[in-house]
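# Summary of the model geometry
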Amino acid sequence: MSPYDLPLRANTNHMLVRHYVLDLTVHFQRKVIGGSIVLFLEPGVVSSKQGEAGSISNTPVQNLSQVSSKHDVSSPITPEPNKVRPPEEPSHLCGGNDVSSVLWGDESEDFTLVLDCCDLTVSKVEELDVTTVDDLKKLDVDQQHANTDHPSSSLVQRVVSMPSVCWRLQHELYVQCSRSPTVHNAQPLRFHTDQWSLQIRKEGVCAPHDFPRAVRICYETKLTGGSVRWTKDQDGRCCVYTMGSPINNRALFPCQEPPVAMSTWQARVRAPCDYTVLMSGKNQAFPKPAETGFLQWEYYVTMPMPASTFTIAVGQWLEAGVKHPNFEVEKTDKPYDKEPSFSLDNDDQQYVCSHMDYPCRFMVSAARAQAVIPHRVFAPPCHLQKANDMVLPLLPLCLTAAHSVLGVHPFSRLDVLIVPSGFSSLGMASPHIVFLSQSVLTGERNLCGARLCHEIAHSWFGLAIGARDWTEEWISEGFATYLEDVFWSHVQKLGCREAEEQRWLKALLRWRRLSDELQNSEEELQVLRPNKENTGEVSESGASVVKHALNPEKPFMQVHYLKGYFLLKFLADQVGEEKFLDFFKVFVGKFHGQLILSQVSLSCTRALCSFSPNAKVAFGRHLRILASVSISPSFHQLLSPEQLVLLLEFLLEEPMLSLSTLRLLETTYNLQAQDAEVKHRWCELAVKHKHTAAYRDVEQFLIHDQAMGVYLYGELMVQEDARQQALARRCLSIIKDDMDQSACSVVEEMIL
């Protein structure tokens, strides 16, 4: 295994986490998140032939309880009043039932539950006695779930197997079970941590079916953990958020990282009173009073998702478009009364989904007709006006465009957050929440709108439909990049000809970017399916490896976006865009809520495309025509940002440009006021031609547009100009503490 490969250690073929209940407190002074997580487990399905060590299974693990996806609104029982459990004190985070590596040993015959975990301080692991939950005792345990030797396991199995009609009841029972005491006089759960995993055993238990089904883990994060970023926002105030780390969430909570480990979750998070907690939850949370100086926020999801999609951001964010504080302290103890619900009518009973059972919006006619879902925009105070003027008006337009193309929104609401300047991407989508870089807030609305469209497209491709093998990220990014153009042309209300011209212009820019990347990156990082014929295969336990995931250069590469995009564009040109988009809607209807491999999407498109020679479009000819078009400065007011980017890229190919030409270019197109894509090319021109008067622009770009400026450091260093190298080092010293870790390591390698 390469040092750049990420191991997925969880033995998902032996045991699946069906639900997580997190109870956490955010400590800004200590920069830790601490508390507990309760795992509700269900034995996996592994045939006897797969039981031999080292054997490979290419069949995805399936949940034991798969029932019809038709559901109705249920009437949950009323649980006991919620009791606030105080967070673990730091002094308690020692001792416990941790076992040293010397005593642990791999030769034990006891079953080992393996969870993906790193950089966490685990203090204890407990088996919960759910038989003490009175409301749970009222449930009938049928013969299928009965286990006289392990009544607690029977009850947990009954809860995880409840149909989606009862999801509110199910969640209330999960919460009550998570507060259960430990099993009296039982053998303690022993645990051990190594670099990438948390391993748990119960003495004398040799099979998954006999292992405890409800396990509580008490832990704290470490400052060195790579899943969350402790930093300051643009106003210098402390915040913490999950920034899309290559190691995903294993340094935030112990979990099962493989995509096949689809689960639901609930979270109760305490944070200081002046902070807002945003999460990838289905509900819009309202804070409740907790211990002195803290408020408590509760979120949940009902759609099973991989643990990597869990997202949290805690900061002193403000909501755009409101004149009052962005939250009110909730007075009620009812956890679900703020969520609007849709009822099923008779027509809905005819709609049957193909995924595992969960409350699915695709089945509800009212949801299918909802073009704009409830949405909010949050930002630090210094960007609140820009968020209000640009992001907030664009958001409903982009949501409407997406709905017109793909149909029902898979998620019931959306929050958008302008994240700190150290964020290493222009955007990141998670269920119910999107992170946007501050770089999209400058210039015209094109960059912001296109990026919103891209991230919204991930609601369908990447989230509602995910890749079963993480190395096939093109399934997510290629589809989102293609749909970004479709959605954005709808928002702009372009005619057919204008929309076509704009898409070919973007195709040319992407082709140039892809060509450049293919020439300047490692060949093995350019492969869409690095596992080739072994894609999707896992070991007997369910463990696997994500190739190249830890390579620090990979997050800044666009090859998976662009190759996937061009594949889809080629296919669309074969059959026509209208027919191709109709296919997208059918594809989403069939595969939402599921994980797929490339073979699935390609086999479906193969059936769609006739590949008739008369239908083919000469892609190279279109690019040559676009590339030969001259752009006259006299028409500068008519240039779109994309046309301006193309103009600057052509000028970058010129070996010499005079100082007067650069000055004229700067004033004619008002380059400092353009969007970040244009400013990036302008900075490249300034560096290439040593335009010292524009070095201030370069410095501002490196500091404020960190998501786009990584390789500009290399251009500053490569010319061996002392002033440019000093500029690079000065900028890095200014932002290093707040910079993304991967970006920082790449830049340091360039500079040192």
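Residues numbered from 1 in each chain as written. Predicted model: local features only at pLDDT ≥ 70, side-chain atom pairs only at ≥ 80, totals over all residues. Heavy atoms only, no water.

### Observations concerning the packing of aromatic side chains
Going by this rule: Here a pair means two rings of Phe, Tyr or Trp (six-membered ring of Trp) with centres within 6.5 Å. Their orientation is stacked below 30 degrees between planes, edge-to-face above 60, and tilted elsewhere. Only when the NZ atom of a Lys or the CZ atom of an Arg is both within 6 Å of the ring centre and within 35 degrees of the ring normal do we say a charge sits over the ring.
Under the definition given, this model contains 28 aromatic pairs. Taken together, the ring pairs connect Phe-461, Trp-474, Phe-479, Tyr-482, Trp-511, Tyr-565, Phe-566, Phe-580, Phe-583, Phe-584, Phe-587 and Phe-591 into an aromatic cluster. Between the NZ or CZ atom of Arg-510 and the centre of the ring of Tyr-565, over which it lies, the distance is 4.5 Å. Between Lys-590 and the ring centre of Phe-591, over which it is positioned, the NZ or CZ distance is 5.4 Å.

### With respect to the pattern of salt bridges
Under the convention used in this document: The salt bridge criterion pairs a side-chain nitrogen of Lys or Arg with a carboxyl oxygen of Asp or Glu, the two atoms within 4 Å. Numbering of helices and strands runs from the N terminus, with a helix taken as a DSSP run of H or I at least four residues long and a strand as a DSSP run of E at least two residues long. Three labels apply to residues, based on accessible area from a 1.4 Å probe with only protein chains included: buried if under 20% of the type maximum, exposed if over 50%, partly exposed otherwise in between.
Counted by the stated rule, this structure contains 31 salt bridges. We note a salt bridge from Glu-257 to Arg-250, for which the minimum N-O separation is 4.0 Å. Residue Glu-484 is joined to Arg-510 by a salt bridge in which the shortest nitrogen-to-oxygen separation is 3.3 Å. Note that Glu-484 is positioned in helix H8 (residues 474-492) and Arg-510 in helix H9 (residues 496-519), a separation of 26 residues in sequence. Among the residues examined, Arg-510 registers a relative accessible area of 7% and is labelled buried. A cluster of three or more residues bridged by salt bridges with shared partners is formed by Arg-512, Glu-649, Glu-653, Glu-677 and Arg-681.

### Quick notes on unusual backbone geometry
A positive phi angle is found at Asp-119, which is not glycine, with a value near 55°. Within the secondary structure, Asp-119 sits in the loop between strand E5 (112-116) and strand E6 (120-127). Residue classification places Asp-119 among the partly exposed positions, given a relative accessible area of 29%. Positive phi outside glycine occurs at Glu-720, with the angle close to 55°. As for its placement among the helices and strands, Glu-720 is situated in the loop between helix H18 (710-718) and helix H19 (722-735).

### Brief notes about the pairing of strand E16 (residues 312-315)
In plain terms, the rule: Only when DSSP finds a minimum of two bridges between them are two strands counted as paired.
The side-chain alternation of E16 yields two buried faces, one formed by Ile-312 and Val-314 and the other by Ala-313 and Gly-315. In this structure, strand E11 (residues 238-242) lies alongside E16, joined through 2 bridges in antiparallel fashion. When the bridges of E16 are listed, Tyr-241 appears paired with Ala-313. In this structure, strand E13 (residues 276-279) lies alongside E16, joined through 4 bridges in antiparallel fashion. Across the sheet, Val-277 pairs through a bridge with Val-314, a residue of E16.

### Thoughts on the sheet that holds strand E7 (residues 189-193)
Put simply, the rule reads: Lines fitted to C-alpha atoms define the axes here, with helix axes fitted over just the stretch in contact, and angles between the N-to-C directions of these axes take values from 0 to 180 degrees.
Across the sheet, which stays open at both edges, the 3 strands sit in the order E5-E8-E7 with antiparallel pairing between neighbours. The two strands at the open ends of the sheet, each matched to only one other strand, are E5 and E7. Across the sheet, the axes of successive neighbouring strands diverge by a mean angle of 20°, strand direction being ignored. Where E5 meets strand E8 (residues 197-202), 5 bridges bridge the pair, whose relative direction is antiparallel. Paired with Thr-112 across the bridge in E8 is Arg-201.

### Remarks on the sheet that holds strand E15 (residues 294-300)
Here is the rule: Any pair of residues with heavy atoms lying within 4.5 Å of one another is described as a contacting pair.
Strand order in the open sheet formed by 7 strands is E6-E9-E3-E2-E12-E15-E14, with mixed pairing between adjacent strands. Here the strands that pair on one side only, and so sit at the sheet edges, are E6 and strand E14 (288-289). Sheet topology note: the strand E2 (residues 15-27)/strand E3 (residues 32-43) ladder contains 12 bridges and is antiparallel. When the bridges of E3 are listed, His-27 appears paired with Val-32. Contacts from helix H3 (residues 151-160) reach E2, E3 and strand E9 (214-221), with the element oriented near 95° to E3.

### Comments concerning helix H17 (residues 695-704)
Taking burial as the measure, the 10 residues of H17 include 7 buried ones, the bulk of the element. When we look at burial in H17, the residues that qualify are Tyr-695, Asp-697, Val-698, Glu-699, Phe-701, Leu-702 and Ile-703. Tucked into the core, H17 has its buried residues touching helix H15 (659-668), helix H16 (676-688), H18 and H19.

### Some words on the confidence of the model for the protein chain
Short version of the rule: Looking at any residue, its pLDDT shows the predictor's confidence there, from 0 to 100.
In the predicted model, the protein chain carries a mean pLDDT of 85, and the fraction of residues at 70 or more is 83%. Ignoring residues within four places in sequence, the model shows residues 326-340, a span with pLDDT below 50, making 40 contacts including any to other chains. Under a pLDDT of 50 for its full length, residues 610-616 has, in the predicted model, 9 contacts with residues more than four places off or in other chains.

### Some remarks on the packing of H19 against helix H20 (residues 741-751)
Counted only if it meets this: Roughly parallel here means an angle under 35 degrees, roughly antiparallel means over 145, roughly perpendicular means 65 to 115, and every remaining angle is called oblique. For a crossing to be left-handed, the near helix must be turned anticlockwise from the far one by less than a right angle; the clockwise case is right-handed. Residue type decides the class: Asp, Glu, Lys and Arg count as charged, Ala, Val, Leu, Ile, Met, Phe, Trp, Tyr, Cys and Pro as nonpolar, and the leftover types, Gly among them, as polar.
Their axes nearest at 11 Å, the elements H19 and H20 cross at an angle of 150°. Classified by the angle their axes make, H19 and H20 are roughly antiparallel. With respect to the hand of their crossing, H19 and H20 are arranged in left-handed fashion. Between H19 and H20, the contacting residues are Ala-728, Arg-729 and Leu-732 on the first element and Cys-744, Val-747, Glu-748 and Ile-751 on the second. When its residues are assigned to classes, the contact of H19 with H20 shows 5 nonpolar, no polar and 2 charged.

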